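Coordinates in review
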Amino acid sequence: MEKKLRGSFFTLTTLLILSITLTVFAAYKSHLNDADTVRFLQAYPNAQGTKADNCFLCHTGGTVEQKYLNACNYCHAEYGYKAPHPAGSISKTLNPFGVAYRQAGRNVEAFAAIAGYDSDQDGVSNEEEINQACLPGDKFDRPDSLVSPAVIYTREMLYQLPRTSQFMVVDTAKAGDYFATYTGVHIWQLLQDAGILDSATDIIVYSVDGYSSNFSVDELQKSFEQGIYVTKYPWIKFPEGAAPKAGQQIPGKLCYLLAYESNGYPLLAGKLVNGGHGDKVHLSGEGPYRFIAPLTTGVMPDRSQWSMDRDESPYPYNPNRPVLKNSDYCIKATVAIQVNTADNKSYQYDWSNKAWQMIEQGELVIYGAIKQR
Amino acid sequence: MTFMKRYIPLIMAAVLVMTMFGGGRINAAELSAVTIKASSLVPGETGRYTLNFHSDQPLRLTPGSVINVEFPAGFTFGCRDIYDQKPGCTLTKLEFKNPGDKHYGVVNGEVKVKNQASGAQLEFTMEKVNVVVAPGVDIHLSIPGITNNNAIGSYTARLEVRDGTGTVFSGTDRFVLGLPTAATPRNLKVTESSSYQVSLAWDPVPDAKRYQILFSRTINGEYLQALDMTREPLPGEEWLLQDTKHSFSARGNGGLEPGRTYYFKVRAGNEFGFGPYSKPLAVSMPAVNLLRCSPEDKTAAEISDQSGNHMSATVDQPVKIAFKERIQVYEKVTGIQIRDAVVVVDPEHPNIVRITASLKPGKEHLVVFYEGALESSGQPKVVNRMFGWTFTTAAETKRGN
């Protein structure tokens, strides 16, 4: 994203993408200017940058094809990216607070109208929860909720864990594809170091800008076949002096990483800047840590969605092939990893108000279904 | 009797058409304003056709709604696996924007083709859709991978839509295949506007109605159209460059890179397609380059004094610091970022960037200048590629002595 919209804040009809101003909120950058986000911050200006200033204020995760998806992934799985959107799909993704907001008129006044409600029936009013940076649509999240076990990793701690490097392709939708060598910690080893419980089923990985995606622990333990190394397609960048020869199969296998280096250099810390595609706010810099998801099938990256010849061969832009563009799941400026179990997707550890500070200091928190230290 | 003689053939023809496309249904309706556009209308070339149409009645599109397209003899539909480098009409799609919609809706589906001596037929069966397209809304059926007949001339394509209610809509359009401009653009000039942008100009070609510029990273590699977009192309949109100059920075394809060499070529076109390319012209994107560093790469060096540890990068031109946060010093083994680094351009030698920081003794360090950290003083937006080096501080510093 780079290239993609991946989260949503109450996108009932057509508010999914585009139109981003320079105003910087915590809500995921592709939804910064969603009308509902703006209305919420008009009603609760002090909530800016808190946990409530995110898609999951109104949206919830859910299960699709027997797989749990977090709020961002669930919304896009049900609602899709492009019209025509399935009838009633957005309603399925709303939590009780989102439902109440819509029923109250879906405007600034609606937030005031439902302020005294207790939408999630956790014994605390919506207003009180928002004022205390809690989620009024999640009954497991209330001001007196127990804080989950957590481990805060620094660069020094991460560098002490076994180091893994992999030369790989990053397939994007809009921004151009590229090969790079990412170095870091195998994510499964990191989770084991953090004391992941046997009951853990999935993790949610959060970027500093609020974007998130979730992954099952089963897939995190898998490795994947590499593809062919190519240098002749101008939409694919490659590092100078890469070890594989052009046209050859890349040796080795790919795994999920928490990367701290790219092509031998530490990842530059992420920062929101203006001037990306469409002159919009975008996250510049990948670091200090980037969650790296491999392309699960060794296919050739296709042309950019935003290029004039996207429909031409070879390898026209192809949103329909059954391999996800891994760039959407390579999460820049990763600050938090929440470990879930089958029956608890609401572990509490509020990193939202210090996310940028964590980027500055090179910190990452893993919390949730891990052993208490 | 005369009346019968005159109209019986027409009635029979109508019945035949309805049998072919509508199973003899009586609820057939005309599609209005069917028009055909193609990325190439040159005989023998392969390209993308876009059939634009609308209906005066609502079109209810549901899973199983079908569009049939028929092209005359000599045309073929290329349809390969979705992973193939030339998947062709496998990627056929329907796009429209109902009143009030912000973006185009896209409908995908299953594609079947028949390439026969009598003509080529494509059947597009929609999947995962449940929508009513309002009357009068432009609908675009995009079909890549159509290879044209080898002969110039006028041809007719037929289009039939069977929507979710069983209503059949049909229409036709004529299009012409012809020869492109024969001449090649001459005197192509490519100049670097910055590390990320080039400017191109060439002499006009008589009879040319448009031009197309392509670029590649290797002279014999694949070439892409050198057009920057800040949005997704519209359905069937083609590049209509009528000027003989152009500026380009490759945004949608990841961007041009400082210090890299690219190859550009241009061709002239008319309403049918494009003529031959000019010879590729190489251009190297200007960059601020590292000449030497201190301490030297992979050395153990004594570089400290009372004010701290000193490092410097000497580059090939006077510079200013564009983004200070893109110049960093790290402890190599631990990855710890050195936070108190002071970075300045030497006022007497503006091609030297000096860094002062407090570094631990006996440790390997890494200095990194990320891309865009430095900007040329004399050439705006000419910046450095990423570079860096390592060195080890002396086991004992003299700081504080």
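The structure displayed is predicted, hence computed values, not measured ones.

1. Overview of the overall build of chain A
Within chain A, the regular secondary structure consists of 10 helices and 17 strands. When burial is assessed residue by residue, chain A has 55% of its 373 residues classed as buried.

2. Here's the deal with the overall build of chain B
Scanning chain B for helices and strands turns up 1 helix and 32 strands. Scaling as 2.2 N^0.38, a compact globule of 401 residues should have a C-alpha radius of gyration of about 21 Å, whereas chain B reaches 31 Å, well beyond that. Overall size of chain B, expressed as C-alpha extent along the three principal axes, is 120 × 50 × 35 Å. Evaluated residue by residue, chain B yields a buried proportion of 40% over its 401 residues. Of the contacts made within chain B by residues no fewer than 6 positions apart, 68% connect residues no fewer than 24 positions apart.

3. So, the interface of chain B and chain A
On the side of chain A, 43 residues touch chain B, which itself brings 48 residues to the contact. Elements with a contribution of two residues or more to the side of chain B that touches chain A: β7 (105–107), β16 (210–216) and β17 (224–225) of chain B. Looking at the side of chain B that touches chain A residue by residue, the classes come out as 20 nonpolar, 18 polar and 10 charged.

4. Considering the domain arrangement of chain B
Residues and elements named next belong to chain B. Per the domain assignment, the segments of chain B are domain 1 (2–177), domain 2 (189–284) and domain 3 (290–393). Between domain 1 and domain 2, the contact holds 13 residues from the first and 5 residues from the second. Of all the elements in the fold, those that place two or more residues in the side of domain 1 that touches domain 2 are β2 (46–55) and β11 (139–147). In terms of residue class, the side of domain 1 that touches domain 2 is built from 4 nonpolar, 6 polar and 3 charged.

5. Let's talk about helix α8 (residues 187–194) of chain A
Residue and element names in this part refer to chain A. Turning to α8, its buried residues number three or more, namely I187, L190, L191 and A194. Buried residues of α8, seen end-on, are gathered within an arc of 95° and therefore sit on one face of the element. Of the surrounding secondary structure, the elements contacted by the buried residues of α8 are β3 (150–153), β5 (177–186), α9 (217–220), β11 (257–262), β16 (334–341) and β17 (364–368). Remark: G195 follows α8 within two positions and exhibits a positive phi of approximately 90°.

6. Side note on the nonpolar core
Residues L257, V335 and I366 of chain A together with L200 of chain B are the most contacted members of the largest nonpolar core, which totals 139 residues. I366 of chain A has contacts with A150, V151, Y153, A194, I337 and V339 of chain A, leaving out every residue within four places of it along the chain.

7. Considering the sheet that holds strand β18 (residues 245–248) of chain B
Residue and element names in this part refer to chain B. Read across the sheet, 3 strands follow the order β14-β15-β18 without closing on themselves; strand pairing throughout is antiparallel. Edge positions in the open sheet fall to β14 (189–192) and β18, since each of these has one partner strand only. Going from strand to strand, the sheet's axes swing by 20° on average, the running direction of each strand aside. Two elements, β14 and strand β15 (residues 198–201), share 4 bridges in a ladder whose sense is antiparallel. Its bridge partner lying in β15, T191 is registered against S199.

8. Looking at the pairing of strand β32 (residues 387–393) of chain B
Residue and element names in this part refer to chain B. Within β32, 5 of the 7 residues are buried, which leaves it mostly tucked inside the rest of the structure. In the sheet, strand β23 (residues 299–301) pairs with β32 via 3 bridges, with the strands oriented parallel. Across the sheet, A301 pairs through a bridge with T393, a residue of β32. Where strand β30 (residues 364–369) and β32 come together, 6 bridges link them in antiparallel fashion. What sits directly across from V367, in β32, is W389.

9. Remarks on the confidence of the model for chain A
Any residue range with low pLDDT should be treated as having predicted coordinates unsuitable for detailed reading. When the pLDDT values of chain A are averaged, the result is 86; 90% of them are 70 or greater. Confidence drops under a pLDDT of 50 for residues 1–25 of chain A, and excluding neighbours within four residues, the segment shows 81 contacts in the predicted structure.

10. Here's the deal with the confidence of the model for chain B
Residues and elements named next belong to chain B. Averaged over every residue, the pLDDT of chain B is 89; residues scoring 70 or more account for 90%. Taken as a whole, residues 10–27 scores under 50 in pLDDT and shows 15 contacts with residues more than four places along the chain or in a different chain. Predicted complex metrics record ipTM = 0.86 and pTM = 0.87.

11. A word on the domain arrangement of chain A
Residue and element names in this part refer to chain A. Assigned domains within chain A: domain 1 (29–131) and domain 2 (150–368). Placing the centre of domain 1 and that of domain 2 at their C-alpha centroids yields a distance of 26 Å. Mapped by element, the contributors of at least two residues to the side of domain 1 that touches domain 2 are β2 (67–69) and α2 (71–79). Looking at the side of domain 1 that touches domain 2 element by element, the count peaks at 3 residues for β2.

12. A few points about helix α1 (residues 35–43) of chain A
Residue and element names in this part refer to chain A. Three or more residues of α1 are buried, namely D36, T37, F40 and L41. Burial along α1 is one-sided: seen end-on, the buried residues are contained in an arc of 130°. Residues of α1 that are buried make contact with α5 (108–113).

Rules used throughout
Residues numbered from 1 in each chain as written. Chains lettered and ligands numbered in written order. Predicted model: local features only at pLDDT ≥ 70, side-chain atom pairs only at ≥ 80, totals over all residues. Helix = DSSP H or I, 4+ residues; strand = E, 2+ residues; numbered from the N terminus. Buried ≥ 20, exposed ≤ 12 C-beta atoms within 10 Å, placed from the backbone. Rg over C-alpha atoms; globule rule 2.2 N^0.38 Å. Contact = placed C-beta atoms within 7 Å. Nonpolar A, V, L, I, M, F, W, Y, C, P; charged D, E, K, R; others polar. Domains from an automatic or database assignment. Arc of directions from axis to C-beta. Core = buried A, V, L, I, M, F, W, Y, C linked by C-beta atoms within 7 Å. Pairing = 2+ DSSP bridges. Axes fitted to C-alpha atoms, helices over the stretch in contact; angles between N-to-C directions. pLDDT = per-residue confidence, 0-100.

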